[in-house]
Amino acid sequence: PFLDDYDALLNFLNQITLLTSLSAKASFFLAAQQNEYKLFFAHGIAWLLFDLCGHIDFKLLCAIGNGFVLLLAILLWKMFLPNCKDLTTRLAYFIPVSWLLFQLQYWGTLNWAMASIQNLAVLVFSLGAIYLLVREERWAFCCALAFLILAVSSSGNGLIIIPIGVLILALARRYARVANWLVVSAGCIAAYAYRYNVMVSATHPRNSIFSTFHPLSPGYVLAFIGSAGSFPFKAGSFLLGILLCVFFVYMVRRGYIRKNPLVSYCVLFLLLTAIGVAGIRSDFGVEQSLSSRYTLYSALFLIFAWFAIVEEFLQHRRASLFHNDLFLCAVLAVVPFSLWMDLGGWLQIERRDCALVQAMAAFEHPATPESTAGPSPPVFLPEGKAASDAFNLRTRAILTESIKLGVYRPPPY
């Protein structure tokens, strides 16, 4: 377990285990909240795994979370040049997409049970819902309703799919489907509102989450959009954010929304997410917008920008790909960048894993009977020593209780 894993997963299962009736467990499941959002999907997976195995396995949870990257790749492939009959050309143009997606710049989301299941799953379900809504088949709409429920269950920004879905269906004049969409959305909102506590702002403790929207920072939004460009210098995130915004405005003026509404709606979802994150996290400072947990969103902005470039400027060229300067420049830029991010991300993951092992070993083998060292490494808590000590005492209490209840079995060190 790491950081939010303690409260979001271990403590959740500790509380579920202590409840005896199914109605009490269901009520607690619906009311459980982590900061500003509810994690129905992550809680459901953890609860199911606990019932099946008799204990929680964080390696398996991490593997499940990481696996959503593969599902996201499949979804992006389905979106990319669907009418292109030349598979070789389609695969070649997809090279920058695969390199940008399968790189470790967003290492902070990976190998972390709660974060990976939350942040990666919501992208798959939200973008999947948009993909299905744009299609006209009845089965696709039914699946889109299921993806809506899963998106809202995964993370708070899944709620953004509700107005986007209404927009898609209304513009297509599918008014009966709009009604169905709103009925299901009302159920999702009702579940989210059940015993919802608005006084849990991560940036304003003991204040309403709505108080955080007043200091909304445009700089935070730009840095979030361009966070993939924070290497080699942090100002690069602002520059890339501005360039991406200018590019998408240009594509709107070219009428790209009419040519490919699917990609346009996906970009809208990412943009609204950037604004929403800025609304509740901007008080942490612009530096927090460059967190590796968010960098995948920036990579997706780049990926969808590449989708538009290929569709508008490249796919109809008759020249060989080896004589296509724009394509070659994109590959030559993306491949070294991704390899460098792989190296940096791998080193960061190794550093985090070593710190976690050392902290858990200190918990299992204290230097003195009074020692309170472990199980959470203080190196990943930048709030200061006092906050680190308080958090560590809480994690010790949660971990001790989970061991007593048989919820979790720490690996012996």
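Basis of the calculations
- Residues numbered from 1 in each chain as written.
- Predicted model: local features only at pLDDT ≥ 70, side-chain atom pairs only at ≥ 80, totals over all residues.
- Heavy atoms only, no water.
- Helix = DSSP H or I, 4+ residues; strand = E, 2+ residues; numbered from the N terminus.
- Buried < 20%, exposed > 50% of the residue type's maximum accessible area, 1.4 Å probe, protein only.
- Contact = heavy atoms within 4.5 Å.
- Areas by Shrake-Rupley, 256 points an atom, 1.4 Å probe, with all protein chains shown as cover.
- Lys, Arg positive; Asp, Glu negative; His and termini not counted.
- Charge placed at Lys NZ, Arg CZ, Asp CG, Glu CD.
- pLDDT = per-residue confidence, 0-100.
- Phe/Tyr/Trp six-rings, centres within 6.5 Å; stacked < 30°, edge-to-face > 60°.
- Disulfide = S-S within 2.5 Å.
- Salt bridge = Lys/Arg side-chain N within 4 Å of Asp/Glu carboxyl O.
- Axes fitted to C-alpha atoms, helices over the stretch in contact; angles between N-to-C directions.
- Left-handed = near helix turned anticlockwise from the far one by under 90°.
- Nonpolar A, V, L, I, M, F, W, Y, C, P; charged D, E, K, R; others polar.
- Patch = residues over 30% accessible without salt bridge, like charges linked within 9 Å, V, L, I, M, F, W, Y side chains within 5 Å.
- Parallel < 35°, antiparallel > 145°, perpendicular 65-115°, else oblique.
- Core = buried A, V, L, I, M, F, W, Y, C linked by side-chain atoms within 4.5 Å.
- Expected span 1.5 Å × (residues − 1).
- Arc of directions from axis to C-beta.

Student: Looking at this model, I keep getting lost on the overall build of the protein chain. Mind explaining?
Tutor: Helix and strand counts for the protein chain come out as 17 helices and 0 strands. Projected onto the principal axes, the alpha-carbon positions of the protein chain cover approximately 75 × 50 × 45 Å. For the protein chain, with 413 residues in total, the buried portion stands at 51%. Residue pairs in contact within the protein chain that sit at least 24 positions apart in sequence constitute 73% of those at least 6 positions apart. Only carbon and sulfur atoms are counted for the fraction: they give 67% of the accessible area of the protein chain, which is about 19,400 Å². The centroid of the 29 positive side-chain charges in the protein chain is displaced by 10 Å from the centroid of its 22 negative side-chain charges.

Student: Can you walk me through the confidence of the model for the protein chain in this structure?
Tutor: Averaged over the protein chain, the pLDDT score is 90; the fraction of residues at 70 or greater is 93%. Here helix H17 (residues 385–405) stands out as the element of the protein chain with the lowest mean pLDDT, 85, in contrast to helix H6 (residues 95–101), whose mean of 97 is the highest.

Student: How should the environment of Arg 396 be read in this particular structure?
Tutor: With respect to the helices and strands, Arg 396 occurs in helix H17. Sequence spacing of Arg 396 and Val 334 is 62 residues, and the spatial spacing of their C-alpha atoms is 43 Å. Setting aside residues up to four positions removed in sequence, Arg 396 forms contacts with Phe 363, Ser 371, Thr 372, Ala 373, Gly 374 and Pro 375.

Student: Can you walk me through the packing of aromatic side chains in this structure?
Tutor: Each aromatic ring pair is characterised by the separation of its centres together with the angle its planes make. This structure, assessed with the given rule, holds 21 aromatic pairs. With a centroid separation of 5.2 Å and 85° between ring planes, the pair formed by Phe 58 and Tyr 408 is classed as edge-to-face. With Phe 58 in helix H4 (residues 58–79) and Tyr 408 in the segment after H17, this residue pair connects regions lying 350 residues apart in the sequence. Classification of Tyr 408 by relative accessible area gives buried; the value is 7%.

Student: How should unusual backbone geometry be read in this particular structure?
Tutor: What is expected of a backbone is that most residues other than glycine have negative phi and most peptide bonds are trans. Within the chain, Asn 111 stands out as a residue other than glycine whose phi angle is a positive 55°. With respect to the helices and strands, the residue Asn 111 is situated in the loop between H6 and helix H7 (113–134). With a relative accessible area of 36%, Asn 111 lands in the partly exposed category. For Arg 173, which is not glycine, the phi dihedral falls at a positive 60°. Along the polypeptide, Arg 173 turns up in the loop between helix H9 (161–171) and helix H10 (175–193).

Student: Explain the state of the cysteines here, please?
Tutor: Disulfides are covalent bonds that connect the sulfur atoms of two cysteines. In the structure shown here, the tally under the stated rule is 0 disulfides. There is no disulfide at Cys 53, and the cysteine sulfur nearest it, in Cys 62, is 14 Å away.

Student: I keep staring at the pattern of salt bridges and nothing clicks. Help me out?
Tutor: Charged atoms that come close allow side chains of opposite charge to pair. With the rule as written, the count across this model stands at 5 salt bridges. Across the pair Glu 137 and Arg 135 runs a salt bridge whose closest N-O atoms are separated by 3.3 Å. Two residues, Glu 312 and Arg 254, come together in a salt bridge whose shortest N-O distance is 2.8 Å. A residue pair is termed long-range when its members are at least 10 positions apart, and Glu 312 in helix H15 (residues 295–314) and Arg 254 in the loop between helix H12 (235–253) and helix H13 (256–259) qualify at 58 residues. Within this structure, Arg 254, Lys 259 and Glu 312 form a network of salt bridges that share partners.

Student: How do you make sense of the packing of H12 against H15 when you look at a structure like this?
Tutor: Two quantities define a packed helix pair, namely the angle between the helix axes and the distance between the axes. For the pair H12 and H15, the least separation of the axes is 11 Å and the interaxial angle reads 35°. Where H12 crosses over H15, the handedness of that crossing is left-handed. Residues Leu 240, Leu 244, Phe 247, Phe 248, Tyr 250 and Met 251 of H12 pack against Ser 298, Phe 301, Leu 302, Phe 304, Ala 305, Ala 308, Ile 309, Glu 312 and Phe 313 of H15. Taken together, the residues of the contact of H12 with H15 sort by class into 13 nonpolar, 1 polar and 1 charged.

Student: Where do I start with the environment of Trp 99 in this structure?
Tutor: Tracing the backbone shows Trp 99 in helix H6. As a C-alpha pair, Trp 99 and Pro 410 span 311 residues in sequence and 35 Å in three-dimensional space.

Student: What is the right way to read a nonpolar patch on the surface from this model?
Tutor: A contiguous nonpolar surface patch, about 560 Å² in accessible area, is contributed by Phe 231, Trp 340, Leu 343, Trp 346 and Leu 347. Along the polypeptide, Phe 231 turns up in the loop between helix H11 (218–225) and H12. The class for Phe 231 is partly exposed, based on a relative accessible area of 37%.

Student: Which parts of the structure should I look at to understand the packing of H4 against H7?
Tutor: At a minimum axis separation of 8 Å, H4 and H7 run at an interaxial angle of 25°. The angle between the axes of H4 and H7 places the two elements in the roughly parallel class. Considering the relative orientation of H4 and H7, their crossing is left-handed. Counting all contacts with H4, which are made through Phe 58, Leu 61, Cys 62, Gly 65, Asn 66, Phe 68, Val 69, Leu 71, Leu 72, Leu 75, Lys 78 and Met 79, the residues of H7 involved are Ala 113, Ser 116, Ile 117, Leu 120, Ala 121, Val 124, Phe 125, Leu 127, Gly 128 and Tyr 131. In terms of residue class, the contact of H4 with H7 is built from 17 nonpolar, 4 polar and 1 charged.

Student: Is there a simple way to think about the nonpolar core in this case?
Tutor: Nonpolar side chains in soluble globular proteins tend to be buried together. With 128 residues, the main nonpolar core has Ile 56, Leu 76, Met 79, Leu 127, Ile 130, Trp 181 and Phe 304 as its most contacted residues. Of all the elements, H7 adds the most residues to this core, at 16 residues. The residues touching Ile 56, leaving out its near neighbours within four places in the chain, are Leu 9, Leu 10, Leu 13, Ala 46, Phe 50, Leu 61, Val 407 and Tyr 408.

Student: Would you mind going over H12 with me for this structure?
Tutor: Because an α-helix completes one turn every 3.6 residues, residues spaced three or four positions apart along the sequence face the same direction. Helix length check: H12 (19 residues) gives 28 Å between terminal C-alpha atoms against 27 Å at 1.5 Å per residue, within 8%. Residues Gly 236, Ser 237, Leu 240, Gly 241, Leu 244, Phe 247, Phe 248 and Met 251 constitute the buried set of H12. Looking down the long axis of H12, one finds its buried residues gathered within 135° of arc, a one-sided arrangement. Opposite the buried face of H12, at more than 90 degrees from it, the exposed residues are Val 246, Val 249 and Arg 253. Turning to H12, the residues buried within the fold contact H11, H13, helix H14 (261–281) and H15.

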